[in-house]
Amino acid sequence: MSRSNATNALQRCKQFLSKAKNSFRGKYHLYSGEQLHWVQVVLRLESSVISVILPWVIFCGIYGFLVSLLYYFGFSIAFASGNRVLTNAVLSFNVGLTLLLVFRTNTAHERFWEGRKLWGALVNTVRNLSRGIYIVVKEQSPKDRVEKEAILRLVVTFAIAMKLHLRSEPLDEQLESLMSSLQYSKLQETNHSPLQIAFWIGDYLQHQHDRNCLNIYQLTALHKLLDDMVDILGGCERILKTPLPLIYAIKLRQLVVIYCLILPLELVSGLTWWTGIIMAFVSFTLLSIEQIGSEIEEPFGHDPNDLPLNVICNTMLRNVEELIRLAPSNTRDWQLSAPHIINNPQQLGS
């Protein structure tokens, strides 16, 4: 018994270590749908940050080296070692700057997470609306089935058009493949393509009610789901068009630069020629945190750290296509799921 427990514990440890080893790969695959080595994951996520802050890091490193050079040749530029006032002032500045960076990052992450919740709600709403249209709307002719499938794909195009709208991008081939050429040409003439698609879906629902294929309660429920989609669109537009006040970002960058200019004067007496390297590292850390906050506060773009909107849209499209392909209207799969009950009705009373 003890040997069996030891074996099970060893297997659990191996599974834990395996998951820990592949955590970067697994999380990134779950997030973006791509299978990459953990080194590739780190390099890709860091690339968008490093490319922006690298000139500042190089500047701070060179500046630290110049301070070391001047100190080596006897210039009295270092803070006096016995002057505790300046040292305490630098430490206080460091604490205040750190708190501001934490606030900046938390505010940006809150916007990022709100955007993710909105897109998660959109996925659920698209699924519910598609399922409701497929089940509730009655088909009176084969043409009705074709129109229904076209509307189901139009529900997905709302999400895709919303993605393009948030990114300020033109209509793409994926959107064109999911609608008729007439709809696509009309969509190119509109300034707000998601709202136009929502109008088409609402007009279809109203038309089905006029044809007695929907009762008023079903129409109200489906319209409520459509309204939820438009509300989600408005929430994403609010995040996009209301960034963190620009003066706050400017002031924070100014404080980071001032700190990087003052710190070498405090460190050079103890570090000498290491001052430039330490300053490059310190500036890299501070500027990275500041840039991460700047990047994720607008989570709808193409940066590696932004929301995987392409993956989310493809998930919704796959769900709707499976609904169309695997749920024909002339059968009742739930009736065929328990043949032993159907063949033996007496079991229902047991």
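Read on for a plain summary of the structure. (Residues numbered from 1 in each chain as written. Predicted model: local features only at pLDDT ≥ 70, side-chain atom pairs only at ≥ 80, totals over all residues. Heavy atoms only, no water.)

Considering the packing of helix H7 (residues 181-188) against helix H8 (residues 193-210)
A packed helix pair is summarised by two numbers, namely the angle formed by the two axes and the spacing between the axes.
Piece 1. Two elements in contact, H7 and H8, have axes separated by 9 Å at closest approach and are oriented at 140°. Viewed along their axes, H7 and H8 adopt a mutual orientation that is oblique. Between H7 and H8 lies a crossing of right-handed hand. Facing Gln-183, Lys-186 and Leu-187 of H7, the residues of H8 in contact are Ser-193, Gln-196, Ile-197 and Trp-200.
Piece 2. Along the lines of polarity and charge, the residues of the contact of H7 with H8 split into three nonpolar, three polar and one charged. (Axes fitted to C-alpha atoms, helices over the stretch in contact; angles between N-to-C directions. Helix = DSSP H or I, 4+ residues; strand = E, 2+ residues; numbered from the N terminus. Parallel < 35°, antiparallel > 145°, perpendicular 65-115°, else oblique. Left-handed = near helix turned anticlockwise from the far one by under 90°. Contact = heavy atoms within 4.5 Å. Nonpolar A, V, L, I, M, F, W, Y, C, P; charged D, E, K, R; others polar.)

Brief notes about the packing of aromatic side chains
Piece 1. Tallying each qualifying case throughout the model produces six aromatic pairs.
Piece 2. Both rings, one in Trp-56 and one in Phe-59, keep their centres 6.4 Å apart while their planes meet at 85°; by these two values the pair is edge-to-face. Of the two residues, Trp-56 and Phe-59 are both situated in helix H3 (residues 38-72); the distance of three residues between them amounts to about one turn of the helix.
Piece 3. The interplanar angle of 15° and the centroid separation of 6.5 Å between the aromatic rings of Phe-59 and Tyr-63 together place this pair among those described as stacked. Here Phe-59 and its partner Tyr-63 are both found in helix H3, four residues apart, which amounts to about one turn of the helix.
Piece 4. With a relative accessible area of 41%, Phe-59 lands in the partly exposed category.
Piece 5. Ring-pair connections join several aromatic residues into one group, and the members of that group are Phe-65, Tyr-72, Phe-73 and Trp-273.
Piece 6. We note Lys-148 situated over the ring of Tyr-134; from NZ or CZ to the ring centre the distance is 5.3 Å. (Phe/Tyr/Trp six-rings, centres within 6.5 Å; stacked < 30°, edge-to-face > 60°. Buried < 20%, exposed > 50% of the residue type's maximum accessible area, 1.4 Å probe, protein only. Lys NZ or Arg CZ within 6 Å of the ring centre and 35° of its normal.)

Quick look at a nonpolar patch on the surface
Piece 1. A cluster of nonpolar side chains, Ile-50, Leu-54, Ile-58, Ile-62, Phe-65, Leu-66, Leu-70, Tyr-72, Phe-73, Phe-75, Trp-273 and Phe-284, forms an exposed patch at the surface whose accessible area comes to about 1,200 Å².
Piece 2. The element that contributes the greatest number of residues to the nonpolar patch is H3, accounting for eight residues.
Piece 3. Topologically, Ile-50 is positioned in helix H3.
Piece 4. Residue classification places Ile-50 among the partly exposed residues on the basis of a relative accessible area of 31%. (Patch = residues over 30% accessible without salt bridge, like charges linked within 9 Å, V, L, I, M, F, W, Y side chains within 5 Å. Areas by Shrake-Rupley, 256 points an atom, 1.4 Å probe, with all protein chains shown as cover. Salt bridge = Lys/Arg side-chain N within 4 Å of Asp/Glu carboxyl O.)

Remarks on the environment of Gln-206
Piece 1. By secondary structure assignment, the location of Gln-206 is in helix H8.
Piece 2. Judged by its relative accessible area of 32%, Gln-206 falls in the partly exposed class.
Piece 3. With 13 residues separating them in the primary sequence, Gln-206 and Leu-219 have C-alpha atoms 7.3 Å apart.
Piece 4. Not counting the four nearest positions on each side in its chain, Gln-206 is found in contact with Leu-219 and His-223.

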